[in-house]
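What follows is the residue order along each chain.
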Amino acid sequence: MRTLVVIEFLSVDGVMQGLGSPDEDTDGGFAHGGWGAPYAPAIHEAVAAGGTDSTSAYLFGRRTYEKMAAFWPHQPDDNPMARSLNQAPKHVATRTLTELAWHGASVLDGELGPAVSSFKSTGEGDIAVLGSGVLVHELMQLDLVDEFRLFIHPLLLGTGKRLFRGLPDPRRLHLQSHVATSAGTVMLSYRVE
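Residues numbered from 1 in each chain as written. Predicted model: local features only at pLDDT ≥ 70, side-chain atom pairs only at ≥ 80, totals over all residues. Heavy atoms only, no water.

Asker: Outline the packing of aromatic side chains, supporting the account with residue identities and numerical values.
Answerer: For the structure shown, the criterion picks out six aromatic pairs. Taken together, a centroid distance of 4.8 Å and an interplanar angle of 35° make the contact between phenylalanine 9 and phenylalanine 151 tilted. Separated by 142 residues along the polypeptide, phenylalanine 9 in strand E1 (residues 3-11) and phenylalanine 151 in strand E6 (residues 147-153) bring together distant segments of the chain. An angle of 5° between the planes, with centres 6.1 Å apart, marks the rings of tyrosine 58 and phenylalanine 60 as stacked. When sorted by exposure, tyrosine 58 lands in the same class as phenylalanine 60, which is buried. (Phe/Tyr/Trp six-rings, centres within 6.5 Å; stacked < 30°, edge-to-face > 60°. Helix = DSSP H or I, 4+ residues; strand = E, 2+ residues; numbered from the N terminus. Buried < 20%, exposed > 50% of the residue type's maximum accessible area, 1.4 Å probe, protein only.)

Dropping the structure here:
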């Protein structure tokens, strides 16, 4: 059975919006896009400690898929993240896309809950969800998330989309590991109980 792992990069106040580039996600007038760029070395430092070896597939929402597909296929395989993303199967939860250009990418078939449950029951390793805030929120409501790997960066943004919002019930988490980087970023790995 596979483990569904949500991997998110957050400011201390829980903002996940617009991490990668100034124009990544300007919804609601968000003006701090690209805030994560100064922390990229810290992310690589923390990922190197945990690795991507256990990831056997990726799951994206449409918007995240489109951003990732515009960048990662053009990165060299000596970058461990590029190698993992470009070689692993990628599944996209979308109602609008029918054909995906990124090698190894396919549209998730059917309704989200049954499709992800079926996907989790076959194979081994982790199914990693990167970004994809709307998708993550739906997966949490369906109790399909097994683990969170949260990269908390030493920054307060004050505004923006937050990862944890509007859950119907409290969720208990069990700390599995933690890694602090030289930049002050902390990676926390929690198992959902």
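Asker: Which residues make up helix H5 (residues 133-141), and what values go with them?
Answerer: Buried within H5 are the following residues: Gly133, Leu135, Val136, His137, Leu139 and Met140. If you follow the buried residues of H5, they end up packed against E1, strand E2 (55-61), strand E3 (90-93), helix H4 (112-120), strand E5 (126-130) and E6. Phi for aspartate 143, located one or two positions after H5, is positive at around 55°. (Contact = heavy atoms within 4.5 Å.)

Asker: Can you lay out the pattern of salt bridges for me, pointing to particular residues and giving the numbers?
Answerer: Throughout the structure, instances matching the rule amount to 12 salt bridges. Residue aspartate 27 is joined to arginine 63 by a salt bridge in which the shortest nitrogen-to-oxygen separation is 2.9 Å. Taken as a pair, aspartate 27 in the loop between E1 and helix H1 (40-50) and arginine 63 in helix H2 (residues 62-71) lie far apart in primary sequence, 36 residues in all. Between arginine 172 and glutamate 193 there is a salt bridge whose closest N-O contact spans 3.6 Å. Taken together, the residues span a long stretch of sequence, with arginine 172 in the loop between E6 and strand E7 (173-180) and glutamate 193 in the segment after strand E8 (186-192) at a distance of 21 residues. Salt bridges linked by common partners bring Asp25, Asp27, Arg63 and Lys161 together as one network. (Salt bridge = Lys/Arg side-chain N within 4 Å of Asp/Glu carboxyl O.)

Asker: Please set out the sheet that holds E3 residue by residue, giving values where relevant.
Answerer: Here we have eight strands laid out as an open sheet, ordered E4-E3-E2-E5-E1-E6-E8-E7, and mixed in their pairing. Both outer strands of the open sheet, strand E4 (105-107) and E7, are each paired with one neighbouring strand and no more. When strand polarity is set aside, the average angle formed by the axes of neighbouring strands in this sheet is 25°. Contacting E2, E3, E4 and E5, H2 crosses the sheet at an angle of about 115° to E2. Sitting on the sheet, H5 touches E1, E2, E3, E5 and E6, and the angle it makes with E2 is about 110°. (Pairing = 2+ DSSP bridges. Axes fitted to C-alpha atoms, helices over the stretch in contact; angles between N-to-C directions.)

Asker: Any details on the environment of glycine 113? Residues and values, ideally.
Answerer: Inspection of the secondary structure puts glycine 113 in helix H4. You can call glycine 113 buried: its relative accessible area is 15%. Separated by 102 residues in the primary sequence, glycine 113 and serine 11 have C-alpha atoms spaced 29 Å apart. When neighbours within four sequence positions are excluded, glycine 113 is seen to be in contact with Leu142 and Leu144.

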